[in-house]
Amino acid sequence: MFIDSHCHLNFPELAADLGGVTGAMAANKVTHALCVSVNLETFPEVLAVAERFPNVFASTGVHPDDRSGEEPDAARLVKLASHPKVVAIGETGLDYYRVEGDSEWQRERFRTHIRAARQAGKPLIIHTREAAADTIRIMQEERAAEIGGVMHCFTETAEVAWQAMDMNFMISFSGIVTFKNATALKDVARKVPLEKMLIETDSPYLAPVPYRGKINQPAYVRFVAEEIARLKGISIESVAEATSTSFFRLFKATRQSEA
Ligand SMILES: [Zn+2]
Ligand SMILES: [Zn+2]
């Protein structure tokens, strides 16, 4: 069994055919998925998917790229996280790739999410892009280690991976690890211990090889598992087993929710 620890099933590319998407999951032994929130305006859609499908979980949070909607405070996030299908806070973090001008608002928002996660007792889903040093520093300053979580769609160095693992964070690999030119990331995947890894699609984006450039979906997470097995020289079954066990441990999600 495989678990997609990070996808966006409420995005139009996937929401248009959720029956087909979940059918493909079942056909590929992808038993569960975590549908990740990117803003408060669409959070009800995320929750609706998780309520409709017993094997889909939800998170609540506002993405560092999102400037359109309501700015959350910690109390609001804690309240939204009290829903039994909400297993995490995020995605949150820092993204300096797209930000223009002053980025202090991103760091403030990130701090708010870490505080909310500690209050809610739910782990963090952290997104970081061209901002690794500040991401790690704020995680340390806000004591993110007390709650832990996952560095999603990891593309940073082994050094950053170890800094995050030292704070009780898992490292999640996406379809990027299957890309031919991702040699540095492949090397990080060889080094990160299997028991500290999760796998994800970040669908509908970042489809793995052999679907690169197409619309991604949770069923394709098996290609990520295949590549990690190849890189580590281990069986795909052991990757599936370890990453699924870690998913349930981290998110305290119950297998009863299996469809
Ligand atoms: Zn992200
Ligand atoms: Zn995402």
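Just above, that's the structure.
Residues numbered from 1 in each chain as written. Chains lettered and ligands numbered in written order. Predicted model: local features only at pLDDT ≥ 70, side-chain atom pairs only at ≥ 80, totals over all residues. Heavy atoms only, no water.

Draft legend 1. Looking closely at the coordination of the zinc ion (ligand 2). Looking at the zinc ion (ligand 2), the protein donor atoms are His6 (NE2), His8 (NE2), Glu91 (OE) and Asp202 (OD), and they sit 2.1 to 2.4 Å from it. Metal-centred angles of 87 to 176 degrees between the four donor atoms at the zinc ion (ligand 2) mark the site as irregular. The sequence pattern describing where the donors of the zinc ion (ligand 2) fall on their chain is H-x1-H-x82-E-x110-D. Between the two metals, the zinc ion (ligand 2) and the zinc ion (ligand 1), the spacing is 3.5 Å, and Glu91 donates to both. With a gap of 111 residues between them, Glu91 in strand β4 (residues 86-95) and Asp202 in the loop between β8 (197-199) and α9 (221-232) connect regions that are remote in the sequence. (Donors = N, O, S within 2.8 Å, 3.2 Å for Na, K, Ca; no water. Tetrahedral: all angles 85-135°; square planar, octahedral: opposite > 155°, others 65-115°. Helix = DSSP H or I, 4+ residues; strand = E, 2+ residues; numbered from the N terminus.)

Draft legend 2. Representation of the coordination of the zinc ion (ligand 1) within the structure. Only Glu91 (OE), His127 (ND1) and His152 (NE2) from the protein coordinate the zinc ion (ligand 1), and they sit 2.0 to 2.1 Å from it. Take Glu91: its relative accessible area is 2%, and that puts it in the buried class. (Buried < 20%, exposed > 50% of the residue type's maximum accessible area, 1.4 Å probe, protein only.)

Draft legend 3. Here's a closer look at the sheet that holds strand β6 (residues 149-151). The strand order across the open sheet formed by eight strands is β1-β2-β3-β4-β5-β6-β7-β8, and the pairing between neighbours is parallel. For this open sheet the edge positions go to β1 (2-7) and β8, each flanked by a neighbour on one side alone. Adjacent strand axes in the sheet meet at a mean angle of 30 degrees, parallel and antiparallel pairs treated alike. Two elements, β1 and strand β2 (residues 30-35), share four bridges in a ladder whose sense is parallel. (Pairing = 2+ DSSP bridges. Axes fitted to C-alpha atoms, helices over the stretch in contact; angles between N-to-C directions.)

Draft legend 4. Representation of the pairing of strand β3 (residues 56-60) within the structure. Taken across its five residues, β3 has five buried, putting it largely inside the fold. Of the two faces of β3, the one carrying Val56, Ala58 and Thr60 and the one carrying Phe57 and Ser59 are both buried. By the bridge criterion, three bridges tie β2 to β3 in an arrangement that is parallel. When the sheet's bridge partners are listed, Ala33 is paired in β3 with Val56. Here β3 runs beside β4; their pairing, made up of three bridges, is parallel. Its bridge partner lying in β4, Ser59 is registered against Ala88.

Any functional reading would require information that these geometric values do not contain.
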